[in-house]
Amino acid sequence: MLKKALLVVDYTVDFVAVDGALTCGKPGIALEEYITELTEQFLDEQHFVVMPVDLHELEDPYHPETKQFPPHNIRGTAGRDLYGSLQNVYEKRKEAIYWMDKTRFSAFAGTDLELQLRSRAITEIHLVGVCTDICILHTAVDAYNRGFTIVIHEKGVASFDAEGHAWALRHFENTLGATIIK
Ligand code: ZN
């Protein structure tokens, strides 16, 4: 069987919960069931499941996001827990899940993601999480530049910015040649 990867990008309390530090709100909350079920399906089929999760240090003077955004996903805080039922799946099945701290929008920036994918001979990457037009977009662009095949699950991605979300979906399909699963 051809092994695929599922990247569940930044589906954390700070990015999704109503009171999250940098929340995308309702559109993000609405993904919970789809993302949790897809994660279980990929685990059941023994694909490679990765949780790329933003990591910041409080008031880091060297990080470009410090000036742009309120503090979020700070090391050691509950804001970095996965949101809702996804956290339960993670706790139950964490030996089979690759947790990956990332510090930039793209899951490829400064991480060993590419090495992990290449060592498993994975060429097809499925993306879900938030935000469609920020971390999903930057990860998809990097995947494209590295020659991976990209699959975007429309019911598994969301943004606080409806226009940005719609634009990014067109960009994935028309420019990055991604398959969009409706
Ligand atoms: Zn961040």
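Structure: above.
Worth saying up front: this structure is predicted, and the values here are computed from it rather than measured.

## Regarding helix α6 (residues 132-145)
The terminal C-alpha atoms of α6, which comprises 14 residues, lie 18 Å apart, in line with the 20 Å expected from a rise of 1.5 Å per residue. Regarding α6, the residues found buried are T132, D133, C135, I136, L137, T139, A140, D142 and A143. In this structure, the buried side of α6 is in contact with β1 (5-9), β3 (97-102), β4 (124-130), β5 (149-158) and α7 (162-174). Once α6 finishes, G147 follows within two positions and takes phi at roughly 85°, a positive value.

## A short note on the coordination of the zinc ion
Taken together, the protein donors to the zinc ion comprise D54 (OD), H56 (NE2), E65 (OE) and H72 (NE2), at separations of 2.0 to 2.2 Å. Angles of 91 to 170° at the metal separate the four donor atoms of the zinc ion, which places the site in the irregular class. Within one chain, the residues serving as donors to the zinc ion are arranged as D-x1-H-x8-E-x6-H. The exposure class assigned to E65 is buried, which follows from its relative accessible area of 5%.

## Considering the sheet that holds strand β2 (residues 48-54)
The strand order across the open sheet built from six strands is β3-β2-β1-β4-β5-β6, with neighbouring strands paired in parallel fashion. Edge positions in the open sheet fall to β3 and β6 (179-181), since each of these has one partner strand only. The sheet shows a mean angle of 25° between the axes of neighbouring strands, taken without regard to direction. Where helix α3 (residues 32-44) meets the sheet, it contacts β1, β2, β3, β4, β5 and β6, and its direction lies at approximately 150° from that of β1. Along the sheet, helix α4 (residues 85-93) makes contact with β1, β2 and β3, crossing β3 at roughly 120°.

## Section: the packing of aromatic side chains
Summed over all chains, the structure comprises four aromatic pairs. Across from the ring centre of F48, 3.8 Å away, lies the NZ or CZ of R120, which sits over that ring.

## So, the pattern of salt bridges
In this structure the tally under the stated criterion is ten salt bridges. For D101, the salt bridge is made with R80, and the minimal N-O distance between the two is 2.7 Å. Residue D101 is found in strand β3, and its partner R80 is found in the loop between β2 and α4; the two are separated by 21 residues along the sequence. Residue classification places D101 among the partly exposed positions, given a relative accessible area of 35%. R146 is paired through a salt bridge with D142; the nearest N and O atoms lie 3.8 Å apart. The structure contains a network of salt bridges with shared partners spanning E114, R118, D142 and R146.

Conventions we followed
Residues numbered from 1 in each chain as written. Predicted model: local features only at pLDDT ≥ 70, side-chain atom pairs only at ≥ 80, totals over all residues. Heavy atoms only, no water. Helix = DSSP H or I, 4+ residues; strand = E, 2+ residues; numbered from the N terminus. Expected span 1.5 Å × (residues − 1). Buried < 20%, exposed > 50% of the residue type's maximum accessible area, 1.4 Å probe, protein only. Contact = heavy atoms within 4.5 Å. Donors = N, O, S within 2.8 Å, 3.2 Å for Na, K, Ca; no water. Tetrahedral: all angles 85-135°; square planar, octahedral: opposite > 155°, others 65-115°. Pairing = 2+ DSSP bridges. Axes fitted to C-alpha atoms, helices over the stretch in contact; angles between N-to-C directions. Phe/Tyr/Trp six-rings, centres within 6.5 Å; stacked < 30°, edge-to-face > 60°. Lys NZ or Arg CZ within 6 Å of the ring centre and 35° of its normal. Salt bridge = Lys/Arg side-chain N within 4 Å of Asp/Glu carboxyl O.

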